[in-house]
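Each chain, written out:
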Amino acid sequence: MAAVYKTLSSATKEEKPTEGRRNKQRVLILSSRGVTYRHRHLLQDLASLMPHSRKEAKLDTKTKLYQLNELAELYNCNNVLFFEARKGKDLYAWVSKPPNGPTVKFHLQNIHTMEELNFIGNCLKGSRPILSFDAAFEKQAHLRVIKELFTQIFGVPKTARRVKPFVDHVMGFTIADGKIWVRVYQISESEPGKKKTGEDAEAEPAPKKKSKGKTELDVELVEIGPRFVMTPIVIQESSFGGPIIYENKEFVSPNQIRSDLRKAKASKYNRRTEAALENKLKRGDLGLNTHGGRKKEKDPLSDSVLFA
């Protein structure tokens, strides 16, 4: 953990930053009414991983999202991460850069919080992450916009108020099947051959020593959580408004999926009912409605007898 921080700090010292330029990023995190316990825990996990964020109470409206611009200005935030819950099932995430935009709307799926996963990894609260992006983010224009937004929202600046001087976890963004898969890993350091005993330890060569008597450490990634999948839907030019500059044509609303499933079930029932009715009519026309070799007598209380 300390070695990673020293490496990154030395790399930034070699680069001469522009005088007077300071990375000031502050994120406003909030949700709408109707979120489930899993959505609420996801919001808490992300807030704990982002020391430069401010958590706010729930927003009452789902239509007047432009009010978030005023709320961000009130709390001196230049980024907004808003979770919108629909029908107690679906979760949408709005990522915006007020006051001028852009704004990206995502659909969140496969949500697993830290409490559910129970991974052995852990990281220091308030530490800074390393953001790892898939190479596919550079191939399309809308993905480059999303990458820049994620860099400014999830990238913790050095000058944040509650930040700790450590870099001990990695936040990975991978693109597969048109979706963005988000994973968080802890950077775990261990001395090479420390856990090996017996013949394996004897066969293992001695660890290499760096200058000034320091030994090299084995670095591995241990998943922490949370994990979720984001599907981009639309990108708007301004903050929570303006013309749509990108639209995902392959996205299918979860409401439409549930509607198609209900229609498929209803069509199966209708086909079975029609087939049974046709079979009954055919047997009646052929005189096959017999019982034990005799014609079945009509029920005197049946509708056909009473209302003939």
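Residues numbered from 1 in each chain as written. Predicted model: local features only at pLDDT ≥ 70, side-chain atom pairs only at ≥ 80, totals over all residues. Heavy atoms only, no water.

Peer 1: Give a detailed account of the environment of Pro129, specifying residues and quantitative values.
Peer 2: Along the chain, Pro129 turns up in strand β6 (residues 128-133). Sequence spacing of Pro129 and Val170 is 41 residues, and the spatial spacing of their C-alpha atoms is 5.3 Å. Discounting residues that sit within four places of it in the chain, Pro129 has contacts with Phe154, Val156, Val167 and His169. (Helix = DSSP H or I, 4+ residues; strand = E, 2+ residues; numbered from the N terminus. Contact = heavy atoms within 4.5 Å.)

Peer 1: Lay out the pattern of salt bridges with the relevant residues and their values.
Peer 2: For the structure on display, the rule yields nine salt bridges. Ionic pairing is found between Arg183 and Glu223, a salt bridge with its closest N-O pair at 4.0 Å. Of this pair, Arg183 sits in strand β8 (residues 179-190) while Glu223 sits in strand β9 (residues 218-223), placing them 40 residues apart in sequence. The buried category is assigned to Arg183, whose relative accessible area is 18%. Here Arg227 ties to Glu223 by a salt bridge, and the two come within 2.9 Å at their closest N and O atoms. Here Glu223 falls in the buried class, since its relative accessible area comes to 14%. (Salt bridge = Lys/Arg side-chain N within 4 Å of Asp/Glu carboxyl O. Buried < 20%, exposed > 50% of the residue type's maximum accessible area, 1.4 Å probe, protein only.)

Peer 1: Let's hear about unusual backbone geometry: which residues, and what values?
Peer 2: Here the bond from Pro98 into Pro99 is cis, since omega is 5°, no more than 30 degrees from zero. Residue placement: Pro99 occurs in the loop between β4 (90-96) and β5 (103-112). The peptide bond linking Gly101 to Pro102 adopts the cis configuration, its omega dihedral lying at 10°. By the element assignment, Pro102 lies in the loop between β4 and β5. Of note, Lys87 is a non-glycine position whose phi angle comes to about 60°, a positive value.

Peer 1: Could you give an account of a nonpolar patch on the surface, with specific residues and numbers?
Peer 2: On the surface, Val252, Ile257 and Leu261 cluster together to form a nonpolar patch covering roughly 260 Å² of accessible area. Looking at the element boundaries, Val252 is found in the loop between β11 (241-247) and α7 (254-285). Given the relative accessible area of 44%, Val252 is considered partly exposed. (Patch = residues over 30% accessible without salt bridge, like charges linked within 9 Å, V, L, I, M, F, W, Y side chains within 5 Å. Areas by Shrake-Rupley, 256 points an atom, 1.4 Å probe, with all protein chains shown as cover.)

Peer 1: Which residues make up the pairing of β4, and what values do they have?
Peer 2: With respect to burial, β4 is a largely interior element, seven of its seven residues being buried. Residue alternation in β4 divides its side chains into two sets, Asp90, Tyr92, Trp94 and Ser96 and Leu91, Ala93 and Val95, and both sets are buried. In this sheet, β4 lies alongside strand β3 (residues 79-86) in antiparallel orientation, the contact comprising seven bridges. Residue pairing for β4: Ala85 is matched across the bridge by Leu91. Counting the residues in the hairpin turn of β3 and β4 gives three residues, including Lys87, whose phi is positive at 60°. Here six bridges tie β4 to β5, and the two strands are oriented antiparallel to one another. Looking across to β5, one finds that Ala93 is bridged to Phe106. (Pairing = 2+ DSSP bridges.)

Peer 1: I'd like a description of helix α2 (residues 37-49), backed by residues and values.
Peer 2: The first and last C-alpha atoms of α2 sit 19 Å apart over 13 residues, in line with the 18 Å expected at 1.5 Å per residue. Along α2, the residues that are buried comprise His39, Leu42, Leu43, Asp45, Leu46, Ala47 and Leu49. (Expected span 1.5 Å × (residues − 1).)

Peer 1: Lay out the environment of Glu116 in plain terms, naming residues and giving numbers.
Peer 2: Mapped onto the elements, Glu116 comes out in helix α4 (residues 114-117). For Glu116, a relative accessible area of 35% puts it in the partly exposed group. Apart from the residues within four sequence positions on either side, Glu116 is in contact with Tyr37, Arg38 and Ile111. Among the polar contacts made by the side chain of Glu116, one reaches the side chain of Arg38 at a distance of 2.8 Å. (Polar contact = N/O pair within 3.5 Å; in protein donor to acceptor, adjacent residues only side chain to side chain.)

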